[in-house]
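A look at the structure
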Amino acid sequence: MNNRSIRIAVLHFSHETVTFLKNDTTLDDFIYPGSPARGEALLGSYPKSYMGGFVKLAREFDGVELVGIESPLWPRTGTGSGWITEQAFETFVGRMIAGIKADGPFGGVYLCLHGAMAVRGVPRPEAELARRVREAAGPKAFIAATFDLHGNEDEAFLQHADMAFTVKYFPHYDEYLQGERAARTLVRAIRGDYKPAHVTIRVPVISPTVLQWTGASPWMDLVQRALVWEAREPDVYVNVFFGFPFADVPDVGMTVQVVTNGNPELAERIGHDLSNAIWRQREALLTSTKIHTIPGGVALAKQAVASGNTPVVLADHSDRSGNATWLLREIVAQDLSNTLIATIADAKATAALKAMGAKAGDSFDMEIGGLADESAGDPVRIQGTIMNAVEGYGQFWVCIRFGRNNVLILTTYLMQIMEPFSLKALGLDIGAFEVMAIKSRVHFRRGFDDNGFARTILLVEPEQPFLGTTRLDKLPYEHVDLAQYYPYGDPAFHA
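Below you will find a few notes about this structure. (Residues numbered from 1 in each chain as written. Predicted model: local features only at pLDDT ≥ 70, side-chain atom pairs only at ≥ 80, totals over all residues. Heavy atoms only, no water.)

**What to know about the packing of aromatic side chains**
All chains considered together, the criterion is met by 18 aromatic pairs. Consider the rings of F165 and Y237, whose centres lie 5.0 Å apart with planes at 75 degrees: the pair is edge-to-face. Residue F165 is located in strand β5 (residues 163–166), and its partner Y237 is located in strand β7 (residues 237–241); the two are separated by 72 residues in the primary sequence. Take F165 and Y237: they sit in the same class, and that class is buried. (Phe/Tyr/Trp six-rings, centres within 6.5 Å; stacked < 30°, edge-to-face > 60°. Helix = DSSP H or I, 4+ residues; strand = E, 2+ residues; numbered from the N terminus. Buried < 20%, exposed > 50% of the residue type's maximum accessible area, 1.4 Å probe, protein only.)

**Looking at the layout of surface pockets**
There is about 1,900 Å³ of room inside the largest pocket. Together, 43 residues line the largest pocket, and Y46, Y393, M415, Q416 and M418 are the ones closest to its centre. Taken together, the elements giving at least two residues each to the lining of the largest pocket come down to α2 (50–58), β3 (108–113), β13 (380–392) and β14 (395–402). Ranked by the residues each element gives to the lining of the largest pocket, the list is headed by β13, at 3 residues. Looking at the lining of the largest pocket residue by residue, the classes come out as 20 nonpolar, 15 polar and 8 charged. Approximately 420 Å³ is the volume found for the second largest pocket. Among the elements of the structure, α11 (347–355) and β12 (363–368) are those that each provide at least two residues to the lining of the second largest pocket. Among the elements that make up the lining of the second largest pocket, the one with the highest residue count is α11 (3 residues). Residues of the lining of the second largest pocket, tallied by class, amount to 9 nonpolar, 8 polar and 5 charged. (1 Å grid on protein atoms, 1.4 Å probe; cavity = no way out; pocket = protein on both sides within 12 Å on 5 of 7 lines; lining within 4 Å. Points joined across faces, edges and corners; volume = space filled by probe spheres on them. Nonpolar A, V, L, I, M, F, W, Y, C, P; charged D, E, K, R; others polar.)

Shown next as structure tokens:
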């Protein structure tokens, strides 16, 4: 059994869908140079993430053939777009299923997913994909998947698939590791050495993602508890889905999954332990992070600069379109200096600048940002000088110096700047800035906080409860009854 050749189909379909955004994620958003991908292009698409870990580890086994089935990569809009259209979903899933049937048979299938995809007319798209893959691959094939911990997943997915492996850290440091785990366990299952037995338990807690940093308690404690179980019990994998509340879908909220090697009783015991731990700490989970208003946060940044506690990070966690100008407007109003604003998204502005051949040294005088929806605010007029204008990663980037040594980076789509020194590629002297205003929730901590770079970190959001707000009861849910979740109701829970 251990020496026979096996074939594994590899698929990718990922998106973190903010359903409250007005711009749908369309078929065209997934189609650009390099996407969709198949064969080696798909297998090499994300070498440092889940896909990279899966491919590297799977190929360390003798007799394993990986077949990259045509799949869409992340849409060009990133996370800055709303509902995936039914046309986009059906088109790509149809091609995937056709590819499995044409290139099969397969002993296993790997699904590289996110978990917070939301599709119009499809309540649980990842589970629906797994159901169709099961029909195409047959009952004997093993199906394994990797997920972001912000997935909204209930028991439906593992009714069709066999195994799931979710990152444990936010920021997501362990994507590659989870890809490796998926590969190792999938190959073992195909060769008869792993017999998946699993349990899924939903916990009625809903929280905004900005609160979910695993670098501090109590979220850190949940990660450590899962790791301890995995260390104590061989062949156990524990997934804690924190959930993604900005998708208006029925399986939103927290979920615990446990996968064991043929031991359903152990899976139940661990699942109950983790879910009860979440429920006991539910109040602490939702009160662990301080959020400032944007005027208050900018004022605190000025105080930090005056006292020498720089660099300062002003992280606007709530901007989901990338177009929002609330923080930029307040930086101008309070006359901050030596400030980097990275970034404001404005597709029309970048298209116009690209068309006119914008280059370093050109004067700049435009209204930018805003207007995408109410949450984006009004455009802000910026007058200054273009420092750099380059194309890369599917976007046109324009750096504009204005005010008292401030620099604004204009992009086509929403960007989360996670590593400050990555901006050196734009010709910026990172050490020259006292304040860095970014659009990020927690991901930025990998490059600004965990390494001790920033001496002051301030999380901010507008006073109005817009799309990325911490006040989830202000969002226009249609498919979620918040009264069924803590802290907006008093749900009964007995794991």
